[in-house]
Amino acid sequence: PMLAFHCIVLVTPDDDDDLKRRQAEFNERLVNRAIAMGGTCTGEHGVGHGKMGSLEKEHSPVCLDYMALIKRSLDPQNLFNPGKVVTWNRGLGMKLGGGPSR
């Protein structure tokens, strides 16, 4: 069964820095809980910039290297959502099917 967290957090946005810090802390706790329960950090909204750092909690670095390799293979000019999901230069020494090149 799929488990999804959809939260509405009520705040008083008087202190911008405090609000941003609390949002980041809340998001981090929520992502950690979802992953601990066998879920994902992405949900149906994707990764974007906000959850790129959480992907390594869910997937191995090698898996993310392969994601970047596939991204570069399908989008060699980095036109589609640049800077999202995985960084462009991640796993640059890899080849499909062979792991790191030598």
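Description of the structure in this document. (Residues numbered from 1 in each chain as written. Predicted model: local features only at pLDDT ≥ 70, side-chain atom pairs only at ≥ 80, totals over all residues. Heavy atoms only, no water.)

### Digging into the overall build of the protein chain
Of the regular secondary structure elements, the protein chain holds three helices and two strands. Each helix (α) and strand (β) of the protein chain, taken in turn from the N terminus, gives the series α-α-α-β-β. A fraction of 43% describes how many contacts in the protein chain between residues 6 or more apart in sequence connect residues 24 or more apart. Accessible area for the protein chain stands at about 7700 Å²; split by element, carbon and sulfur atoms hold 57% of it. (Helix = DSSP H or I, 4+ residues; strand = E, 2+ residues; numbered from the N terminus. Contact = heavy atoms within 4.5 Å. Areas by Shrake-Rupley, 256 points an atom, 1.4 Å probe, with all protein chains shown as cover.)

### As for unusual backbone geometry
Working note: non-glycine residues mostly have negative phi, and peptide bonds are mostly trans. Look at asparagine 78: it is not a glycine, yet its phi comes out positive at around 55°. Position of asparagine 78 relative to the elements: it lies in the loop between helix H3 (61-74) and strand E1 (94-95). Phi at asparagine 81 takes a positive value of approximately 50°, unusual for a residue other than glycine. Looking at the element boundaries, asparagine 81 is found in the loop between H3 and E1. Look at asparagine 81 and you get exposed, because its relative accessible area is 53%. (Buried < 20%, exposed > 50% of the residue type's maximum accessible area, 1.4 Å probe, protein only.)

### Focus on the nonpolar core
Grouped together as the largest cluster of nonpolar side chains are six residues: Val31, Cys41, Leu55, Leu64, Ala68 and Val86. For leucine 64, the contacting residues outside a window of four places in its chain are Leu55, Glu56, His59, Val86 and Arg90. (Core = buried A, V, L, I, M, F, W, Y, C linked by side-chain atoms within 4.5 Å.)

### Section: the environment of isoleucine 35
Within the fold, isoleucine 35 resides in helix H1 (residues 16-36). Residues within four places of isoleucine 35 in sequence aside, it is in contact with Thr40, Cys41, Ser54, Lys57 and Glu58.

### Structural notes on a negative patch on the surface
There is a patch of like negative charges on the surface, built from Asp14, Asp15, Asp16 and Asp17. Its place among the elements puts aspartate 15 in the segment before H1. (Patch = residues over 30% accessible without salt bridge, like charges linked within 9 Å, V, L, I, M, F, W, Y side chains within 5 Å. Salt bridge = Lys/Arg side-chain N within 4 Å of Asp/Glu carboxyl O. Lys, Arg positive; Asp, Glu negative; His and termini not counted. Charge placed at Lys NZ, Arg CZ, Asp CG, Glu CD.)

### Topic: the side chain of aspartate 75
Locating aspartate 75 in the fold gives a position in the loop between H3 and E1. Judged by relative accessible area, which is 3%, aspartate 75 ranks as buried. Among the polar contacts made by the side chain of aspartate 75, one reaches the main-chain amide nitrogen of leucine 79 at a distance of 2.9 Å. A polar atom in the side chain of aspartate 75 sits 2.8 Å from the backbone nitrogen of phenylalanine 80. Ignoring any residue separated from it by four or fewer positions in sequence, one finds aspartate 75 in contact with Phe80 and Trp88. (Polar contact = N/O pair within 3.5 Å; in protein donor to acceptor, adjacent residues only side chain to side chain.)

### Looking at the pattern of salt bridges
Oppositely charged side chains can form a pair if their charged atoms are brought close together. Taken as a whole and assessed by the stated rule, the structure comprises five salt bridges. With a shortest N-O distance of 2.0 Å, lysine 57 and glutamate 28 are connected by a salt bridge. Linking lysine 57 in helix H2 (residues 55-58) with glutamate 28 in helix H1, this pair joins segments that are 29 residues apart in sequence. Here the salt bridges do not stand alone but share partners, grouping Asp18, Arg21, Arg22 and Glu25 into one network.

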